[in-house]
Structure formats: structure tokens, C-alpha cells
Amino acid sequence: MNRYLLFLSGLLLALSGRSQAPSIKVISRYNYYLPGDRPSVVGMLPDSISPGGYRLLLLRDGKTVAAADDAEGHRLTVTVPDLPMGATMFSYRVEQAGRTVSEGGLELRRLPS
């Protein structure tokens, strides 16, 4: 029993010392875009971290289509070039010093005029 308690307390100590990845939210500025609109994607960094060294990459079919290297406040913003008509799936990756700290996907829609 003592070994079990010792193991659990050691495990809890180890887990509490681990640094957690920051919660980074990546969204499309709007739900849809009209032909004259400039689509954009925003990565919102938490206020609790320094925004320096973060990078937002937007990918389509595995290829980078846009990147933001400089944060404005705690936001990384990319403009999407050539968004086709209809729904298009993108993936994103947020990096810090070359290491991926967040990734996911989002869908952007361009409506006909």
C-alpha cells in the first residue's frame, strides 16, 4: 500500500511540473465571404504569453498558402489568397521557434455575388 501511495504522489508531482501548451484559438474572421471580400484567418494567442516567436501557417492540400510571422498585439492574421467559390477546407499550424504548438482545420466559404 505504501508503494502505491508513493507511486501516486510521484506521478502527481511529475504531472504538475509539466508545462502545458497555451490555448490558442484559430478562427475565420467571418462565416462566409462575398466575391469582393478579402478572407482572413486569425490566431488568438492568450494574454498570459509573450506573442514573440509565434507563427501561423495556413495550408491547403498540404501546401502553405499564407503565413503570419508578426503578431499584432496577441493576434496573428493571414489573408487568404484566391479563395474559390464554395466551401474550402484549410488546415492551420501555429508554431513557436519551429515547434508546432497548435494545429487543426477550418472551412471557409465564398458565396456567389
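Data block above holds the structure.
So, how was this worked out
Residues numbered from 1 in each chain as written. Predicted model: local features only at pLDDT ≥ 70, side-chain atom pairs only at ≥ 80, totals over all residues. Heavy atoms only, no water. Helix = DSSP H or I, 4+ residues; strand = E, 2+ residues; numbered from the N terminus. Buried < 20%, exposed > 50% of the residue type's maximum accessible area, 1.4 Å probe, protein only. Contact = heavy atoms within 4.5 Å. Areas by Shrake-Rupley, 256 points an atom, 1.4 Å probe, with all protein chains shown as cover. Salt bridge = Lys/Arg side-chain N within 4 Å of Asp/Glu carboxyl O. Pairing = 2+ DSSP bridges. Axes fitted to C-alpha atoms, helices over the stretch in contact; angles between N-to-C directions.

Student: Would you take a moment to explain the overall build of the protein for this structure?
Tutor: A tally of regular secondary structure across the protein gives one helix and seven strands. In sequence order, the protein lays out its α and β elements as α-β-β-β-β-β-β-β. A buried classification covers 29% of the 113 residues belonging to the protein. At a minimum sequence separation of 6, the contacts of the protein that also span at least 24 residues come to 52%. Of the roughly 7700 Å² that the protein leaves accessible, carbon and sulfur atoms contribute 51%.

Student: Even after reading the chapter, I still don't get the pattern of salt bridges, so can you show me in this structure?
Tutor: Any two side chains of opposite charge can pair if their charged atoms end up close together. This structure, assessed with the given rule, holds three salt bridges. Across the salt bridge formed by Asp69 and Arg55, the nearest N and O atoms sit 2.5 Å from each other. Here Asp69, found in the loop between strand 4 (63-68) and strand 5 (75-79), pairs with Arg55, found in strand 3 (residues 54-60); they are 14 residues apart in sequence, far enough to count as distant. Note that Glu107 and Arg109 form a salt bridge whose closest N and O atoms lie 3.0 Å from each other. Its relative accessible area of 39% is what places Arg109 among the partly exposed residues.

Student: Could you clarify how one ought to interpret the sheet that holds strand 6 (residues 86-96) in this entry?
Tutor: Sheet strands line up and pair through hydrogen bonds in the backbone, either parallel or antiparallel. Within the open sheet, the four strands sit side by side as 4-3-6-7. Their pairing is antiparallel. Edge positions in the sheet fall to strand 4 and strand 7 (99-110), since each of these pairs with one other strand and no more. Going from strand to strand, the sheet's axes swing by 25° on average, the running direction of each strand aside.

Student: How should the sheet that holds strand 1 (residues 25-28) be read in this particular structure?
Tutor: Taken together, three strands build an open sheet; the order of strands is 1-2-5 and the sheet is antiparallel. With partners counted over all chains shown, the strands left at the sheet margins are strand 1 and strand 5, one partner each. Strand-to-strand twist across the sheet, computed as the mean angle between neighbouring axes with direction ignored, equals 15°.

Student: Before we go on, may I ask you to explain unusual backbone geometry in this structure?
Tutor: Excluding glycine, residues mostly have negative phi values, and the peptide bonds linking residues are mostly trans. The phi dihedral of Asp82 falls on the positive side, at around 50°, and the residue is not glycine. By the element assignment, Asp82 lies in the loop between strand 5 and strand 6. A residue is classified by how much of its surface remains accessible, and Asp82, at 68% relative accessible area, is exposed. Backbone geometry at Ala97 places phi at a positive 55°, although glycine is not the residue there. Looking at the secondary structure, you find Ala97 in the loop between strand 6 and strand 7.

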